[in-house]
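One-letter residues, chain by chain:
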Amino acid sequence: MAKPSRWGIVNLQKPAKTPQKPKPFLQKKYFSFYSQKFSARGRKCKKYYYKSIQSSKSILRFINMEQLEERVKKLFNILNNTIEKITSKAAEFNKRAREERFYHYLFSVLAATFSVLTPIFVSLENQVNERWFNFLTLFVSSVSAIVASIVTTFRWGEKYRQTSLTALELDELDSDTQLQRLNIEESGNTLDIYHKARELNEYSQRKIKKIIREYIEAEIKIIVSE
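Residues numbered from 1 in each chain as written. Predicted model: local features only at pLDDT ≥ 70, side-chain atom pairs only at ≥ 80, totals over all residues. Heavy atoms only, no water.

Participant: An account of a negative patch on the surface is requested, with residue identities and associated values reported.
Facilitator: On the surface, Glu169, Asp171, Glu172, Asp176, Glu214 and Glu217 cluster together to form a negatively charged patch. With respect to the helices and strands, the residue Glu214 is situated in helix 5 (residues 190-224). Assessed through its relative accessible area of 35%, Glu214 is described here as partly exposed. (Patch = residues over 30% accessible without salt bridge, like charges linked within 9 Å, V, L, I, M, F, W, Y side chains within 5 Å. Areas by Shrake-Rupley, 256 points an atom, 1.4 Å probe, with all protein chains shown as cover. Salt bridge = Lys/Arg side-chain N within 4 Å of Asp/Glu carboxyl O. Lys, Arg positive; Asp, Glu negative; His and termini not counted. Charge placed at Lys NZ, Arg CZ, Asp CG, Glu CD. Helix = DSSP H or I, 4+ residues; strand = E, 2+ residues; numbered from the N terminus. Buried < 20%, exposed > 50% of the residue type's maximum accessible area, 1.4 Å probe, protein only.)

Participant: Residues and numbers for the packing of helix 4 (residues 156-186) against helix 5, please.
Facilitator: The interhelical angle for the contact between helix 4 and helix 5, taken along N-to-C directions, is 180°, at an axis separation of 11 Å. Considering their axes alone, helix 4 and helix 5 lie roughly antiparallel with respect to each other. The residue makeup of the contact of helix 4 with helix 5, split by class, is twelve nonpolar, six polar and eight charged. (Axes fitted to C-alpha atoms, helices over the stretch in contact; angles between N-to-C directions. Parallel < 35°, antiparallel > 145°, perpendicular 65-115°, else oblique. Nonpolar A, V, L, I, M, F, W, Y, C, P; charged D, E, K, R; others polar.)

Participant: Tell me about the nonpolar core, and please be specific about residues and values.
Facilitator: Core analysis: the largest hydrophobic core is formed by twelve residues, namely Leu68, Val72, Leu75, Phe76, Leu79, Ile83, Ile184, Leu191, Ile193, Tyr194, Ala197 and Leu200. Contributions of two or more residues to this core are made by helix 2 (65-125) and helix 5. For this core, the leading source of residues is helix 2, giving six residues. Setting aside its immediate chain neighbours within four residues, Ile193 contacts Val72, Phe76, Ile184, Glu185, Ser187 and Gly188. Formed by ten residues, the second largest nonpolar core is a distinct cluster that contains Ala167, Leu170, Leu173 and Tyr215. (Core = buried A, V, L, I, M, F, W, Y, C linked by side-chain atoms within 4.5 Å. Contact = heavy atoms within 4.5 Å.)

Participant: Break down the packing of helix 2 against helix 5 for me, citing the residues and quoting the values.
Facilitator: Close contact between helix 2 and helix 5 brings their axes to 9 Å; oriented N to C, the two are set at 25°. The pairing of helix 2 with helix 5 is recorded here as roughly parallel in orientation. The way helix 2 lies across helix 5 gives a crossing that is left-handed. Split into classes, the residues belonging to the contact of helix 2 with helix 5 amount to 17 nonpolar, five polar and seven charged. (Left-handed = near helix turned anticlockwise from the far one by under 90°.)

Participant: So what about the packing of aromatic side chains? Which residues, and what values?
Facilitator: Enumeration over the complete set of coordinates arrives at seven aromatic pairs. Judged by centre distance (5.7 Å) and plane angle (90°), the ring pair of Trp132 and Phe133 falls under edge-to-face. A relative accessible area of 55% places Trp132 in the exposed class. Taken together, the ring pairs in this structure connect Phe102, Tyr103, Phe107, Phe154 and Trp156 into an aromatic cluster. Stacked on the ring of Phe93, the Lys or Arg Arg96 has its end atom at 5.0 Å from the ring centre. (Phe/Tyr/Trp six-rings, centres within 6.5 Å; stacked < 30°, edge-to-face > 60°. Lys NZ or Arg CZ within 6 Å of the ring centre and 35° of its normal.)

Participant: Lay out the pattern of salt bridges in plain terms, naming residues and giving numbers.
Facilitator: What the rule picks out here adds up to six salt bridges. Between Lys74 and Glu70 there is a salt bridge, with the nearest N and O atoms lying 3.9 Å from each other. Taken as a pair, Lys74 and Glu70 lie in helix 2 at a separation of four residues, close to a single helical turn. For Glu70, a relative accessible area of 46% corresponds to the partly exposed category. Across the pair Glu92 and Arg96 runs a salt bridge whose closest N-O atoms are separated by 3.1 Å. Residue Glu92 and its partner Arg96 are both found in helix 2; the two are separated by four residues, about one turn of the helix. Judged by its relative accessible area of 36%, Glu92 is partly exposed. Owing to a relative accessible area of 27%, Arg96 belongs among the partly exposed residues under this scheme.

Participant: Tell me about unusual backbone geometry, residues and numbers included.
Facilitator: With a phi close to 50°, Arg155 is a non-glycine residue in the positive phi region. Mapped onto the secondary structure, Arg155 falls in the loop between helix 3 (131-154) and helix 4. For Arg155, a relative accessible area of 22% puts it in the partly exposed group.

Participant: Describe the side chain of Ser144, with residues and values.
Facilitator: Its place among the elements puts Ser144 in helix 3. You can call Ser144 buried: its relative accessible area is 12%. Beyond its immediate sequence surroundings of up to four residues, Ser144 is in contact with Phe114, Ser115 and Thr118.

In structure tokens, the structure reads:
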């Protein structure tokens, strides 16, 4: 508002303040903070809307409940085949672990026995000047060396440890998969049953491949280190 005076017209309005620019380090700090904050919110919103769009697409795809139930039956057949595969692999590795334990104990006992008998027969060879006793001493010492070389070559003890651990992991996977399958069957929504059964099947397939791959890698290390 302007007011006349003897010095002329005086403007009584306050001059507009010029906005002060923030300091560079503060501007950089707050800009980076808010940019990270809003970008994180944007990612969450994008993820949420993507899930909602995917679920809506799946709902629209399975409006026909008969088609959905048919797909669920097929998926449960695939899941049952996966469980049978896990069960058979677990039984196979349990059998292999029992065989390796038997060979480990057998050849360990034979190696210990012949390693004790060999010096006894060698010491008695000079006292008993018989041809058959010399052949017997040679046989015992030869068998002792052969058994020791077999034990160090095949390493049934290390293989038994690795095979038993693999069988234990497969048994745990088998029981967990069957328990989750029962829990999925008891859930009410057919669409949720379909998605959960599909996720369970994919997880079980990846897990069994990972367990067998780790077993093969460990067995190769045992063979290479011989």
